[in-house]
Amino acid sequence: MAVGPINIYEYEPLARERLSKSQYDFIAGGATDEITLERTRRILDAIVLRPKVMEDVTTIDTSTTVLGHEITFPVMPAPSGAHARAHPDAELATVKAAADAGTVMLLSSGSTYTMEEVAQAAEGPIWFQQYFYTDRGMTVEVAHRAEDAGFSAICLTLDIKTNSKRERNIRNEYVPPQTGNYQWASNLVRDPAASWDYLEWLASKTALPIVMKGIMTAEEAARCGQYGAKALVVSNHGARQLDTTFATIEVLPEVVDAADGQVEVYMDGGVRRGSDIVKAVALGARAVLIGRPLFWGLAVDGQAGVSHVLQILRDEMEMTMTLCGRPNLASLDRTLLGFRSPLLDVLPQAGGFDG
Ligand SMILES: Cc1cc2nc3c(=O)[nH]c(=O)nc-3n(C[C@H](O)[C@H](O)[C@H](O)COP(=O)(O)O)c2cc1C
């Protein structure tokens, strides 16, 4: 029998064969010229590792906690709409794969199955992603519904104050899913006026911790804790909203510094290799989220596909930590990374190459 996909990159073309062009493009694509989408991988690949080879790496420990939940490794399924795009089991498959991997899943409000259905199937901690809606009463109602269903945090996605221009979808005349729950979510109007007072107000209305998703600057990171959030995700929505931003990994250090330990900091965007997770953690992320790889795993093999995607990332991460001489997450710090070639110091005439 032929060897199946051995890395996340090999999953994508297999998923593509199984999806319609318009579904594939919806999932894979980014906003306008996809400059940030491309930049994200380029920067991640350009960060170099500085291994230590005389450290004891007999045991590698990738575990950590997120808002008090123990997770076996710092990767969480990102909130992403309508997993039935890729497999009929949809979020019921993803949530089981997440629990099997010992991590937290973030459920999109635009899921195929309702939040109660997913919560029923969940065997591990789950967080619910929603928006600041124009109708504040509705925002609290949705948060309370999530709390009643058993979700243990509310993730507010901040970077969709208007729909972006995703040109692949326009070209394909893409039609969004028509499922009941997705329709319900689409009818809720996101508030373009949402500001810090809205966060402060919501934090006073829900007992659940709030995670702010879409923070890209130190200035806003500093305010999250001040106004009642407990965590933030450095995210540009997988380069699907505003194009020509920095890659998330580039702004991660400034956000971590500004957050100053007041809120937990996670990151998403372009994580495809175990070494990417190591780099993000070394730059101060407590955990990373993955979006598109979930769909690739689902399209290829449903729940087993998502499990395999998570397993690949875990194995690659452990191998990278071993070879870097960094046996646990606390040992991953900025000294592990380089970006500028040291050759530039000794061979100035080599100028022009800065990665
Ligand atoms: C198909 C798809 C649907 C998404 N839907 C949502 C969503 O409903 N809510 C949300 O906060 N983010 C959504 N995202 C963004 C992800 O949460 C995440 O920020 C992004 O996918 C991370 O980048 P990556 O795909 O490169 O891993 C979606 C992403 C994709 C690819």
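Residues numbered from 1 in each chain as written. Predicted model: local features only at pLDDT ≥ 70, side-chain atom pairs only at ≥ 80, totals over all residues. Heavy atoms only, no water.

A.B. asks: Can you break down the nonpolar core residue by residue, with the values?
C.D. replies: Met-212, Leu-232, Val-234, Ile-249, Leu-252 and Trp-296 are the most contacted members of the largest nonpolar core, which totals 97 residues. The contact partners of Ile-249, leaving out residues within four places of it in the chain, are Ile-43, Leu-44, Ile-47, Met-267, Lys-279, Ala-280 and Leu-283. In this structure, Ala-153, Ala-231, Tyr-266 and Ala-287 belong to the second largest nonpolar core, which totals 15 residues. (Core = buried A, V, L, I, M, F, W, Y, C linked by side-chain atoms within 4.5 Å. Buried < 20%, exposed > 50% of the residue type's maximum accessible area, 1.4 Å probe, protein only. Contact = heavy atoms within 4.5 Å.)

A.B. asks: Quick rundown of the site of the ligand? Include the residues and the values.
C.D. replies: As a structural note, the neighbourhood of the ligand is formed by 23 residues, with Pro-79, Ser-108, Thr-157, Asp-268 and Arg-272 the closest of them. At 3.0 Å, a side-chain N or O of Lys-213 approaches an oxygen atom of the ligand. His-237 places a side-chain nitrogen or oxygen 3.4 Å from a nitrogen atom of the ligand. (Near = heavy atom within 4 Å. Polar contact = N/O pair within 3.5 Å; in protein donor to acceptor, adjacent residues only side chain to side chain.)

A.B. asks: Provide a residue-level description of unusual backbone geometry, including the pertinent values.
C.D. replies: Located in the positive-phi region is Glu-173, a residue other than glycine, with phi close to 50°. Following the sequence through the fold, Glu-173 ends up in the loop between α7 (167-172) and α8 (180-186). For Glu-173, a relative accessible area of 67% puts it in the exposed group. Despite not being glycine, Thr-244 shows a phi value in the positive range, around 65°. Here Thr-244 lies in the loop between β9 (231-234) and α11 (248-259). (Helix = DSSP H or I, 4+ residues; strand = E, 2+ residues; numbered from the N terminus.)

A.B. asks: Got a sec to walk through the packing of aromatic side chains? Specific residues and values, please.
C.D. replies: Applying the stated criterion across every chain yields a total of eight aromatic pairs. Between Phe-26 and Tyr-174, the ring centres sit 4.6 Å apart and the planes meet at 10°, which makes this aromatic pair stacked. In this pair, Phe-26 is assigned in helix α2 (residues 21-28) and Tyr-174 in the loop between α7 and α8, connecting sequence segments 148 residues apart. Consider the rings of Trp-196 and Tyr-227, whose centres lie 5.5 Å apart with planes at 35°: the pair is tilted. One end of the pair, Trp-196, is in helix α9 (residues 196-205); the other, Tyr-227, is in the loop between α10 (218-226) and β9, with 31 residues separating them in the sequence. The same class applies to Trp-196 as to Tyr-227, namely buried. In textbook terms, an aromatic cluster arises when at least three aromatic residues are bridged by ring pairs, as seen for Phe-132, Tyr-198 and Trp-201. Across from the ring centre of Phe-26, 4.9 Å away, lies the NZ or CZ of Arg-240, which sits over that ring. (Phe/Tyr/Trp six-rings, centres within 6.5 Å; stacked < 30°, edge-to-face > 60°. Lys NZ or Arg CZ within 6 Å of the ring centre and 35° of its normal.)

A.B. asks: Describe in detail the pattern of salt bridges, supporting the description with residues and values.
C.D. replies: Applying the stated criterion across every chain yields a total of 15 salt bridges. Among the ionic pairs, Asp-276 bridges to Arg-41, the shortest N-O distance being 2.6 Å. Highlighted residues: Asp-276 in helix α12 (residues 274-282) and Arg-41 in helix α3 (residues 35-46), separated in sequence by 235 residues. Residue Asp-276 shares its accessibility class with Arg-41, and that shared class is buried. Taking the shortest distance from any N to any O, the salt bridge between Arg-136 and Asp-197 comes out at 3.0 Å. Here the residue Arg-136 occupies a position in helix α6 (residues 136-149), and Asp-197 occupies one in helix α9, the gap between them amounting to 61 residues. (Salt bridge = Lys/Arg side-chain N within 4 Å of Asp/Glu carboxyl O.)

A.B. asks: Give a detailed account of the pairing of strand β11 (residues 287-290), specifying residues and quantitative values.
C.D. replies: Moving residue by residue along a regular strand, the side chains alternate between the two faces of the sheet. Taking every second residue as pointing to the same face, both faces of β11 are buried, with Ala-287 and Leu-289 on one and Val-288 and Ile-290 on the other. Relative to β11, strand β4 (residues 75-77) runs parallel, the two sharing three bridges. Bridged to Pro-77 within β11 is Ile-290. As paired strands, strand β10 (residues 264-268) and β11 are joined by three bridges and run parallel to one another. Within β11, the residue paired with Met-267 across the bridge is Val-288. (Pairing = 2+ DSSP bridges.)

A.B. asks: How would you explain the packing of α12 against helix α13 (residues 292-324) if you had to name every residue and give the values?
C.D. replies: Two elements in contact, α12 and α13, have axes separated by 7 Å at closest approach and are oriented at 60°. The angle between α12 and α13 falls in the class oblique. Read as a crossing pair, α12 and α13 show a hand that is right-handed. For the pair α12 and α13, contact is made by Gly-274, Ser-275, Ile-277 and Val-278 and by Leu-313, Glu-316, Met-317, Thr-320 and Met-321, respectively. Here the residues of the contact of α12 with α13 sort into five nonpolar, three polar and one charged. (Axes fitted to C-alpha atoms, helices over the stretch in contact; angles between N-to-C directions. Parallel < 35°, antiparallel > 145°, perpendicular 65-115°, else oblique. Left-handed = near helix turned anticlockwise from the far one by under 90°. Nonpolar A, V, L, I, M, F, W, Y, C, P; charged D, E, K, R; others polar.)

A.B. asks: Help me get a handle on the environment of Ser-341, residues and values and all.
C.D. replies: Counting through the fold element by element, Ser-341 comes out in the loop between β12 (337-338) and α14 (343-346). Residues Ser-341 and Glu-34 lie 307 residues apart in sequence; the distance between their C-alpha atoms is 27 Å.

A.B. asks: Describe the sheet that holds β4, naming the residues involved and giving the relevant values.
C.D. replies: The sheet built from eight strands is open, its strands ordered β4-β11-β10-β9-β8-β7-β6-β5 with parallel pairing. Edge positions in the open sheet fall to β4 and β5 (105-107), since each of these has one partner strand only. Sheet twist, expressed as the mean angle between neighbouring strand axes with direction ignored, is 30°. In the sheet, β9 pairs with β10 via four bridges, with the strands oriented parallel. Opposite Val-233, over in β10, you have Tyr-266 as the bridge partner. Along the sheet face, α13 touches β4 and β11 and points at about 160° away from the line of β11.

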